[in-house]
Amino acid sequence: MRRKADTTMVTPTLIWPDFTPENAALLGGRARRRFHRAREERQPGRSSLELAAPVLDVPGLPAAPLVRRAQGGKPGTDEWLAEPVMLRPDRDRLSLRRLGTEDLDAQEARTLVQAAHAHFPAEELRIEMGEDAWYVRLPGQQARRGVPVEYAQEMLLSPLPEQFGVDVAGMRVLNELQMLWYSHPVNEARRREGRVEANALWVWGGGSLPESVPREPGFRAVVAGEPALAGLACWLELPLESPATMSEQADFAGYLVAIPASEAELGMQWLKRFLDGRGGFRLLASGHEWSFPARGLLRRW
């Protein structure tokens, strides 16, 4: 049984990847004064999961096994998260476009996956279509974290294993799959109809979790809605709360709160809760970290 961590000295942490200082300007003078007192540092994390890793003092955490845990499954060592996308050449690089509102319907998805399974033997490639996430297994391949799909769509991609999340042998399989899907009747029909093609499979988040769960610093609860963060709570053996439904409370000591992407209003609500309290806290955003000291009891605001 794990020893219960002492959360009384754990700095509550708000992870909000989309936060910018302009958000704080909307909260009024007291918020601006607290930001003036905060210590700002640069840091490399972008996603909620990347930002959570240094808070927990663990190496980079792979998303695929955490999402599996959130869904009650058993993570595989040769498994990645996956999403059908459209890859297009852009000079000597590639651009990625997500399907978005033109996502595959159930029949199109089944047809493409069946074609892949008919073409590749089970010891090379297997695709699993989940309700909330797709997975791909590349047995025997070296697992890499790669680039999450939401960030891959923002950049020009080099056809390198580091960006594609696989080793050289895995690149060969994914390239062969792309040629198979490009000429498939599903995508020929989508091209004729002017819809976005699903001519490739983007994979990311591969790897294994650290063998031991961090004991210090400890947290009392994880407040998050993203599947990877839900899996993180499961791995840490901590309660999971929803950031959208959790009730107001004055003491957030020991809480790790993560705001989903594009939830600006929710992020502002949580930031105001932290700023209105007297305790110190940490705020982590894409590329930045702010450490807020506690408000002095005798200081007049």
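Basis of the calculations
Residues numbered from 1 in each chain as written. Predicted model: local features only at pLDDT ≥ 70, side-chain atom pairs only at ≥ 80, totals over all residues. Heavy atoms only, no water. Helix = DSSP H or I, 4+ residues; strand = E, 2+ residues; numbered from the N terminus. Buried < 20%, exposed > 50% of the residue type's maximum accessible area, 1.4 Å probe, protein only. Areas by Shrake-Rupley, 256 points an atom, 1.4 Å probe, with all protein chains shown as cover. Pairing = 2+ DSSP bridges. Expected span 1.5 Å × (residues − 1). Arc of directions from axis to C-beta. Contact = heavy atoms within 4.5 Å. Polar contact = N/O pair within 3.5 Å; in protein donor to acceptor, adjacent residues only side chain to side chain. Axes fitted to C-alpha atoms, helices over the stretch in contact; angles between N-to-C directions.

**Topic: the overall build of the chain**
- A tally of helices and strands in the chain yields eleven helices and twelve strands.
- Taken along its principal axes, the extent of the C-alpha atoms in the chain is 70 × 45 × 35 Å.
- Within the chain, the proportion of its 301 residues that are buried is 49%.
- Counting every atom, the chain has about 15,400 Å² of accessible surface; 50% of that belongs to carbon and sulfur.

**Quick notes on the pairing of strand β5 (residues 126–129)**
- With four bridges joining them, β5 and strand β6 (residues 134–137) adopt antiparallel strand pairing. Across the sheet, the residue bridging to E128 is Y135, located in β6.
- Where β5 folds back on β6, the antiparallel hairpin that results is connected by four residues.

**As for helix α5 (residues 106–119)**
- The end-to-end C-alpha distance of α5, which contains 14 residues, comes to 20 Å, matching closely the 20 Å that a straight helix rising 1.5 Å per residue would cover.
- Those residues of α5 that sit buried are E108, A109, L112, V113, A115 and A116. End-on, the buried residues of α5 take up no more than an arc of 155°, which puts them together on one face. Those residues of α5 that are exposed and angled more than 90 degrees off the buried face are Q114 and A118.
- On the buried face of α5, the contacting elements are β5, β6, α8 (168–182) and α9 (185–192).
- Near the N-terminus of α5, the side chain that reaches the backbone nitrogen of Q107, with its oxygen 3.1 Å away, is that of D105.

**Here's the deal with the sheet that holds strand β1 (residues 13–15)**
- One open sheet accounts for seven strands, arranged β2-β12-β11-β1-β10-β8-β9; its pairing is mixed. The two strands at the open ends of the sheet, each matched to only one other strand, are β2 (39–42) and β9 (240–241).
- Two elements, β1 and strand β10 (residues 255–258), share three bridges in a ladder whose sense is parallel. The residue of β10 that forms the bridge with I15 is A258.
- Across the sheet, helix α2 (residues 29–37) lies against β2, β11 (281–285) and β12 (288–292), angled at about 100° from β12, the strand it touches most.

**Regarding α8**
- Taking 1.5 Å per residue, 15 residues should reach 21 Å; α8 reaches 21 Å between its end C-alpha atoms and fits that length.
- Looking only at α8, the buried set comprises G170, M171, V173, L174, L177 and W181. The buried residues of α8 occupy one face: seen down the axis, they fall within an arc of 160°. Opposite the packed face of α8, turned more than 90 degrees from it, sit the exposed residues V168 and M179.
- Where α8 is buried, its residues meet α5, β5, α7 (161–164), α9 and β7 (200–204).
- Its side-chain oxygen placed 3.2 Å from the backbone nitrogen of A169, D167 serves as the N-cap of α8.

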